[in-house]
Structures are given as C-alpha cells and as structure tokens.
Amino acid sequence: MEITILGIESSCDDTSAAVLRGTTLLSSVIASQEVHRKYGGVIPELASRAHQQNIVPVVDTALKEAGVTVDKIDAIAFTRGPGLLGSLLVGTSFAKGLSIAGNIPMVEVNHLHGHILSHFVDLPDRQLPHPDYPFLCLLVSGGHTQIVRVDSPFEMKIVGTTIDDAAGEALDKCAKVMGLPYPGGPVIDRLAKEGDPDAFHFAKPHVSGFDYSFSGLKTSFLYTLRDMMAENPDFIELNKCSLCASLLHTVVDILVDKLIRASKESGITDIAIGGGVSANSVLRNRIADEGRRRGWRTFIPELKFTTDNAAMIAVAGYYKYKHGELSSLDVAPVARYEEML
Ligand code: KG4
Ligand code: ZN
C-alpha cells in the first residue's frame, strides 16, 4: 500500500493540514485568518497566535475527513520556510510534537517547492495533468515572483526573480491605495472584469535577463492616482474597474513576456504556473492562449492549489520521504528562502 503523508502549512496567514495517500489527496483543510482584514495586511504577531488556536482542530479535522488515525501516518511534512518566523514556528513545533508522540518521521519542505510541486497532487476521482521534467514554472505569490527551471522534485534552479516587489505584493499595495480590502489581488481580479484594460498606461520595467521588477509600476500607478485625484477627487471611485483592468493587464504582460523568453532560450515547452497570483483569471487565460499559440503544454493549477495549502506541502514531502530525506528534531524554521538553498 502507498504511504500516507500528513502535510502542515503555517507560513503566513492560513493554517492548513492535508492528508495524502501516495500523491492522492484524501483531505485538505484550510483555516483562513480573518483577523488581519481590518489592518489591511498580515500582522505577524496575530498570525502566530491564530495558528496556535487553529493548528490542533485543523489537523484533527484533516485526519477525520481522510479517515486516517495518527498511527497510520508514515511521515509528517511541514513548511520550514520561507515565511513569517512566528507562524512557521507553530507548524514546525506541532510537527515535532506529533513526531515524538507518534514516533513518526518528519520531512521539512520549502514552501516554494510546495507551490511548484502542487502540480503533482492527484484527486481521488481523477488524475490531474502532470508536467514532464524539465519544465518551467512561473511562481507568483505575495512574497515571490520567479521563473524556476524544474529538473526533478529535488533539482530546481531560479532562472529569474524579482529584484524588488513580488507581483502579488504590488497588486495588494495598489489595491490598498484604492481603498480596496486586503488581500487586494482577488478584488482586483473581480473588478477588472468590468473595466477597460487600455484605459490607462503604466510604466513597464526594463530589467535585463529574466529578472522582474514591479516597484516602478507601483510608483507609476500611484502618480497616476495622485495627479488624477488632484483634478477630480472622485477619480478612483469613477475609474476603479478600469484602473484594476489596466494594472492587472500590465502585470500579466510583464510576467508572461519574460516567461516566453525563458521558454525560447531554454527550449522548454512544458510551462506551469503556481502561487496565489496564479489564481488570477487574466493570467490563467493569457497562459492558456500563449500555450495554444506557441505549442506549449500548459499546467494551470486547480484554484484550490494556487493559494497556500497543505496538500502541496504533503506532496513535496512525499517525494523527499521516498528519497530518504528526513529531518531531525533539532530542525528550526527559516524566514528567508536563501537560507534554504
Ligand atoms: O501563495 P499565496 O497564497 O501566499 C504567499 O505565499 O505569498 O499568495 C498570496 C497572494 C496575495 O498577494 C494575493 O493578493 C494574491 O496571491 N492572489 C491573487 C488572486 N488570488 C490571490 N492575485 C490576483 N488574482 C487573484 N485571483
Ligand atoms: Zn505561498
């Protein structure tokens, strides 16, 4: 029988647990933290406190929904980083406690590897399409924007990365100045559907190679708002949808432009997207269109695997466990990705 993995994810503001048998998802539970909404961003102290409250019921529910008892778990996969240290500490400490109590091996997972390997999770009723190695993954989340060349579950190379803001972060910040609720990305996605993407033009970056930059776009967006508001205080209210559409299309143009170039240079045509921003409808449609035009095989994740979830941590843990990569009890969480390379 295939092994059973419990995945735990607590890197930011979602407490999540999932159970996999082999690569098949048996259960996935996510407790999103509403407490941050009124502050317009994630407050680290409140996040770790909420994780502490959520972790036991979330894991318990995931096990119950999967019909699995603790003694049937072969390994506990947990997010070691990158993320908020206090949040990561809750998941890591819980994994250690359960590991000791149940004498179950632990496997640490890089959150970003999780997003990328989410394409290998299967559902009980259907196999999802898996990319072949090597493939390119455009990883777009609130904290990261990277093009990653994936040669195996263990060999990944960053082809390009943002030199300042992440794409999701830029969307969230622009949403905030428009007075939209946090996180802004999904709200911009929704409002953009009613707007004209050609209504406004914002600065596009000129960064060499495959790297990204979003801070110039953000500044250009802010200046447009400032200038237009000086003329008409109702400008944002009147143009909200077109501002969202123009901003979103610019972000997607920037993202996809470098991805096309990376595919051309590497000759790799299996193209995946992942991370919270890969939930975006404009990006998803563009990737599908480019795929048809360029003969790519495109891998666009199910919505439930785009934002943070423990199924992706469990599947990354599955591959590491099979590879014999276990963690010792003295493992500590790390806030920055660079510390994990
Ligand atoms: O991967 P994720 O859940 O957390 C991180 O690892 O950062 O990504 C969160 C980011 C946020 O910036 C959020 O605004 C963005 O993903 N996001 C979206 C959408 N859904 C989530 N951005 C654009 N369109 C969406 N539909
Ligand atoms: Zn994430």
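In this report, we go over the structure that sits alongside the text. (Residues numbered from 1 in each chain as written. Chains lettered and ligands numbered in written order. Predicted model: local features only at pLDDT ≥ 70, side-chain atom pairs only at ≥ 80, totals over all residues. Heavy atoms only, no water.)

Observations concerning the overall build of the protein
Summing up its helical and strand segments, the protein has 9 helices and 10 strands in all. For a compact globule of 341 residues, the expected C-alpha radius of gyration is about 20 Å, and the protein comes in at 20 Å, within 12% of that figure. With respect to the three principal axes, the spread of C-alpha positions in the protein is 65 × 45 × 35 Å. Counting only residues that meet the buried cut, the protein has 55% of its 341 residues in that class. Residue pairs in contact within the protein that sit at least 24 positions apart in sequence constitute 72% of those at least 6 positions apart. (Helix = DSSP H or I, 4+ residues; strand = E, 2+ residues; numbered from the N terminus. Rg over C-alpha atoms; globule rule 2.2 N^0.38 Å. Buried < 20%, exposed > 50% of the residue type's maximum accessible area, 1.4 Å probe, protein only. Contact = heavy atoms within 4.5 Å.)

Comments concerning the coordination of the zinc ion (ligand 2)
Geometry sets the ideal angles at a metal, namely 109.5 degrees for four tetrahedral donors and 90 or 180 degrees for six octahedral donors. Looking at the metal site, the zinc ion (ligand 2) is ligated by His111 (NE2), His115 (NE2) and Asp308 (OD), spaced 2.0 to 2.1 Å from it. Sequence positions of the residues that donate to the zinc ion (ligand 2) give the spacing H-x3-H-x192-D. Residue His115 is located in helix α3 (residues 111–117), and its partner Asp308 is located in the loop between β10 (297–299) and α9 (310–322); the two are separated by 193 residues in the primary sequence. For the pair His115 and Asp308, one class covers both residues: buried. (Donors = N, O, S within 2.8 Å, 3.2 Å for Na, K, Ca; no water.)

Comments concerning empty space enclosed by the protein
Following the criterion strictly, the structure yields 1 cavity of 30 Å³ or more and no others. Estimated volume of the largest cavity: approximately 40 Å³. Lining of the largest cavity is provided by Leu112, His113, Ile116, Leu139, Gln146, Val148, Met156, Lys157, Ile158 and Tyr337. When contributions to the lining of the largest cavity are tallied by element, the ones reaching two or more residues are α3, β7 (145–150) and β8 (156–161). For the lining of the largest cavity, a count of residues per class yields 7 nonpolar, 2 polar and 1 charged. Each of domain 1 (4–127 + 305–340) and domain 2 (135–301) gives at least three residues to the lining of the largest cavity. (1 Å grid on protein atoms, 1.4 Å probe; cavity = no way out; pocket = protein on both sides within 12 Å on 5 of 7 lines; lining within 4 Å. Points joined across faces, edges and corners; volume = space filled by probe spheres on them. Nonpolar A, V, L, I, M, F, W, Y, C, P; charged D, E, K, R; others polar. Domains from an automatic or database assignment.)

Describing the layout of surface pockets
Roughly 1,500 Å³ of internal volume is contained in the largest pocket. Lining the largest pocket are 49 residues, and of these Cys12, Asp13, Gly142, Asp172 and Tyr182 lie nearest its centre. Counting residues per element, the lining of the largest pocket draws most heavily on helix α4 (residues 167–177), which supplies 7 residues. Of the residues in the lining of the largest pocket, the class split is 18 nonpolar, 19 polar and 12 charged. Here the lining of the largest pocket gathers at least three residues from each of two domains, domain 1 (4–127 + 305–340) and domain 2 (135–301).

Details of the packing of aromatic side chains
Tallied over the entire structure, the rule returns 9 aromatic pairs. Ring geometry for Phe200 and Phe235: centres 5.7 Å apart, planes at 80°, overall edge-to-face. Placement of Phe200 in the loop between α5 (184–192) and α6 (215–231) and of Phe235 in helix α7 (residues 235–266) is noted, with a sequence separation of 35 residues between them. For the pair Phe200 and Phe235, a shared accessibility class is recorded, and that class is buried. Taken together, the ring pairs in this structure connect Phe120, Tyr133, Phe135, Tyr318 and Tyr319 into an aromatic cluster. Above the plane of the ring of Tyr223 lies Arg226, whose end atom (NZ or CZ) is 4.7 Å from the centre. (Phe/Tyr/Trp six-rings, centres within 6.5 Å; stacked < 30°, edge-to-face > 60°. Lys NZ or Arg CZ within 6 Å of the ring centre and 35° of its normal.)

Observations concerning the sheet that holds strand β5 (residues 106–110)
Taken together, 5 strands build an open sheet; the order of strands is β3-β2-β1-β4-β5 and the sheet is mixed. Both outer strands of the open sheet, β3 (24–32) and β5, are each paired with one neighbouring strand and no more. Across the sheet, the axes of successive neighbouring strands diverge by a mean angle of 20°, strand direction being ignored. As judged from the 6 bridges shared by strand β1 (residues 4–9) and strand β2 (residues 14–21), these two strands associate in the antiparallel manner. Across the sheet, residue Ile5 finds its bridge partner in β2, namely Leu20. Here α9 sits on the sheet and contacts β1, β2, β3, β4 (75–81) and β5; the angle it forms with β1, its principal contact strand, is near 130°. (Pairing = 2+ DSSP bridges. Axes fitted to C-alpha atoms, helices over the stretch in contact; angles between N-to-C directions.)

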